[in-house]
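If you want the building blocks of each chain, they are given just below.
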Amino acid sequence: MSRLLLSRRRFLQASAAAGSGLLLAGCDQFDFLGQLDHPARNFMEQANVLTYNAQRRLLGEQTLAREYGASEIRQGQKPNGSTEPSTPQYVALRQGGFTDYRLQVTGLVEQPLSFSLAELRNMPARSQITRHDCVEGWSCIAKWTGTPLGPILDMARIKPEARFCVYHCFDNIERGLSGDVFYYESSDLVDAYHPQSILSYGLNEQTLPVANGAPVRLRIERALGYKQPKYLHTIELVADLTPFGRGNGGYWEDYGYDWYGGI
Ligand SMILES: Nc1nc2c(c(=O)[nH]1)N[C@H]1C(S)=C(S)[C@@H](COP(=O)(O)O)O[C@H]1N2
Ligand SMILES: [Mo]
């Protein structure tokens with residue numbers, strides 16, 4: 001079912017439940033949406049009456065990825081994939097201690113934004129000890145520190161037609177005769193607004209190392225390793241993922257991995 005479609009009545013019921021301290025039990029109560037010709041679904045497809053912001057606030061708080069204690073951090077975060085981007089742009093930024101780095105928020109927003117690393121570090125921070133699961137079959141528990149993505153998207157004022165964030169990275173993971181292929185990823189807005197989705201600049205109490213994505217990498221804690229883009233430079237709000245890469249929403253998705261990639 002689509003997690004972004006809710007009728008106003010259902011939404012208000014759910015809001016009241018959330019407001020009174022009741023937890024929403026997953027999506028089960030909205031399961032009628034899975035029935036293709038259900039009148040409620042047909043109604044809702046036409047009646048896009050809610051602001052996306054309000055939906056995301058509510059639904060984004062559904063389930064947290066498990067968090068661990070400090071004693072459960074048993075090893076460093078194993079670097080994987082790109083570990084040392086070699087594009088001139090990245091090399092120059094790195095040599096300058098990332099003082100010229102800017103994170104851009106672009107696309108379907110009323111207010112495009114750009115943040116320096118210092119500005120990101122001065123925003124409200126969150127730390128979380130979580131487990132990173134790579135599809136190659138290894139896991140690491142690590143402490144990630146960063147600023148939540150949701151408030152940044154609010155500052156940019158997302159347009160109603162925006163449905164996904166595309167995360168553009170500095171590393172040319174493939175260098176071919178037909179040009180460079182840069183790592184990219186994407187998520188829906190529920191995952192973007194999830195309280196554990198942070199723009200991470202700290203790892204295990206240290207500055208995020210280059211091998212793990214310096215200066216900024218996104219954590220989307222309910223997703224697998226390949227959904228954790230390193231070397232992030234631009235967050236682009238879009239309505240459609242098909243124009244990017246080969247159209248499947250991410251570098252590894254273009255090789256057949258699942259787009260949602262949940263753990
Ligand atoms: N930009 C970029 N992000 C990336 C990758 C990459 O190669 N480039 N690899 C992904 C994969 S498959 C994994 S498992 C994790 C590895 O993160 P780590 O090096 O911090 O362990 O980053 C993900 N994000
Ligand atoms: Mo991975």
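Values in this document were obtained by computation on a predicted structure and should not be read as measured data.

About the cut-offs
Residues numbered from 1 in each chain as written. Chains lettered and ligands numbered in written order. Predicted model: local features only at pLDDT ≥ 70, side-chain atom pairs only at ≥ 80, totals over all residues. Heavy atoms only, no water. Buried < 20%, exposed > 50% of the residue type's maximum accessible area, 1.4 Å probe, protein only. Helix = DSSP H or I, 4+ residues; strand = E, 2+ residues; numbered from the N terminus. Arc of directions from axis to C-beta. Pairing = 2+ DSSP bridges. Axes fitted to C-alpha atoms, helices over the stretch in contact; angles between N-to-C directions. Contact = heavy atoms within 4.5 Å. Near = heavy atom within 4 Å. Polar contact = N/O pair within 3.5 Å; in protein donor to acceptor, adjacent residues only side chain to side chain. Areas by Shrake-Rupley, 256 points an atom, 1.4 Å probe, with all protein chains shown as cover. 1 Å grid on protein atoms, 1.4 Å probe; cavity = no way out; pocket = protein on both sides within 12 Å on 5 of 7 lines; lining within 4 Å. Sits in = over half its atoms within 2 Å of the grid points.

Q: Could you give an account of helix α6 (residues 149-156), naming the residues involved and the relevant values?
A: Those residues of α6 that sit buried are Leu149, Gly150, Ile152, Leu153 and Ala156. The buried side chains of α6 occupy one side of the element, clustering within an arc of 165° when seen end-on.

Q: Any chance you could break down the sheet that holds strand β5 (residues 164-176) for me, citing the residues and the numbers?
A: Pairing within the open sheet is mixed, and its five strands lie in the order β2-β1-β10-β5-β6. Strand pairing shows two members of the sheet lacking a second neighbour, β2 (113-115) and β6 (179-188), which therefore form its edges. Taken pair by pair, the neighbouring strands of this sheet meet at an average axis angle of 25°, ignoring direction. As defined by bridge partners, strand β1 (residues 103-107) adjoins β2 across three bridges and the pair is classed as antiparallel. Looking at the pairing, valine 105 lines up with leucine 113 of β2. In this fold α6 packs onto β1, β2, β5 and β10 (232-238), with an angle of close to 140° to the strand it touches most, β2.

Q: How would you sum up the site of ligand 1? Please name residues and give values.
A: In the vicinity of ligand 1 there are 22 residues, among which Gln77, Lys78, Asn80, Asp171 and Lys230 approach most closely. Between an oxygen atom of ligand 1 and a side-chain N or O atom of arginine 217, the distance comes to 2.9 Å. When ligand 1 is considered free in solution it has 530 Å² of accessible area, and contact with the protein chains removes 98% of it. Judged by its atoms lying within 2 Å of the grid points, ligand 1 is housed in the largest pocket. The leading source of residues in the shell around ligand 1 is β5, at three residues.

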